[in-house]
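Below are the chains, spelled out letter by letter.
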Amino acid sequence: MFHVVFFHPEIPGNTGNAIRMAAGSGCALHLIEPLGFDVDDAKLRRAGLDYHDRAALHVHPDLESAWRAIRPDRVIAFTARTDLSYERVDYRPGDVLLFGPESVGLPDDVLDAATLRVRIPMLPGIRSLNLANSASIAVYEAWRQQDFAMP
């Protein structure tokens, strides 16, 4: 289906919530080290509830390792530094939906390597949405475009 990539995630609760989203939507969740937490963190487990065994979770030592494992055709980077809104993209199965760390977003070199840059609209003065919420918005729009086909 889709691959969600969290580049250097910092907050275990966000990743735990994304694990629940991955289990519920059938997407794969890829975490790129370094992580701001241990994958055995209690907060990560609590936020993911009992969905850890139902989610496709992969941890990669670096972005290049993730690309070798995924072999993506397209990488769609979510950032506030573009004008293209996420719902204007025609998503395809296998797309990578790439998100940066909660505190700083994706670095320029990672953004430059993406196929597309998209943003989730927000009211003026808001820096960013919660990481897990942003990933959910993106995954469910991409999946909706596939008529919620089962993976």
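Just so it is clear, the model here is predicted, and its values are computed rather than measured.

Let's talk about the UniProt feature "binding site: S-adenosyl-L-methionine" (unreviewed entry) in the protein chain
Here, the residues flagged by UniProt with the feature "binding site: S-adenosyl-L-methionine" (unreviewed entry) are G100, I120 and S128. Their sequence span is 29 residues, while the largest C-alpha to C-alpha distance among them is just 13.6 Å; these annotated residues converge on one region. Note on placement: I120 falls in the loop between β6 (116-118) and α5 (131-145). Here I120 is in contact with F78, Y86, L129, S134 and I137, once residues within four sequence places are set aside.

Quick word on unusual backbone geometry
Residue P34 is reached from E33 by a cis peptide bond, and omega for that bond is 5°. Within the secondary structure layout, P34 lies in the loop between β2 (28-32) and α2 (42-48). Look at R71: it is not a glycine, yet its phi comes out positive at around 55°. Mapped onto the elements of the fold, R71 is located in the loop between α3 (63-70) and β4 (75-78).

Observations concerning a nonpolar patch on the surface
A contiguous nonpolar patch, built from V39, L57 and V59 and spanning about 180 Å² of accessible area, is present on the exposed surface. Positionally, V39 belongs in the loop between β2 and α2. Taking relative accessible area as the criterion, V39 reaches 30% and is therefore assigned partly exposed.

Things to note about the nonpolar core
V4, F6, L29, F78, Y91, L97 and F99 are the most contacted members of the largest nonpolar core, which has 29 residues in total. Elements with a contribution of two residues or more to this core: β1 (3-7), α1 (12-25), β2, β4, β5 (96-99) and α5. Counting residues per element, this core draws most heavily on α5, at six residues. Each residue touching F6, except ones within four places of it in the same chain, is listed here: N14, T15, A18, L29, H30, L31, I32, F99, L131 and A135.

Focus: the pairing of β4
Going residue by residue along β4, you find V75 and A77 tucked away on one face and I76 and F78 tucked away on the opposite face as well. By the bridge criterion, three bridges tie β4 to β5 in an arrangement that is parallel. Looking at the pairing, I76 lines up with L97 of β5. Where β4 meets β6, three bridges bridge the pair, whose relative direction is parallel. Bridging across to β6, A77 finds its partner in R117.

Focus on the sheet that holds β4
Taken together, six strands build an open sheet; the order of strands is β3-β2-β1-β5-β4-β6 and the sheet is parallel. Both outer strands of the open sheet, β3 (56-60) and β6, are each paired with one neighbouring strand and no more. Strand-to-strand twist of the sheet, defined as the mean angle between neighbouring strand axes without regard to direction, takes the value 25°. One ladder, built from five bridges, connects β2 with β3; its direction is parallel. The partner of L29 across the bridge, within β3, is L57. Sheet strands in contact with α1 are β1, β2 and β3, and its direction is about 155° off that of β2. The strands touched by α3 are β1, β2, β3, β4 and β5; relative to β1, the strand with the most contacts, the crossing angle is about 170°.

Scoring rules and cut-offs
Residues numbered from 1 in each chain as written. Predicted model: local features only at pLDDT ≥ 70, side-chain atom pairs only at ≥ 80, totals over all residues. Heavy atoms only, no water. UniProt positions renumbered as here; feature names shortened; annotations may be inferred. Helix = DSSP H or I, 4+ residues; strand = E, 2+ residues; numbered from the N terminus. Contact = heavy atoms within 4.5 Å. Patch = residues over 30% accessible without salt bridge, like charges linked within 9 Å, V, L, I, M, F, W, Y side chains within 5 Å. Areas by Shrake-Rupley, 256 points an atom, 1.4 Å probe, with all protein chains shown as cover. Salt bridge = Lys/Arg side-chain N within 4 Å of Asp/Glu carboxyl O. Buried < 20%, exposed > 50% of the residue type's maximum accessible area, 1.4 Å probe, protein only. Core = buried A, V, L, I, M, F, W, Y, C linked by side-chain atoms within 4.5 Å. Pairing = 2+ DSSP bridges. Axes fitted to C-alpha atoms, helices over the stretch in contact; angles between N-to-C directions.

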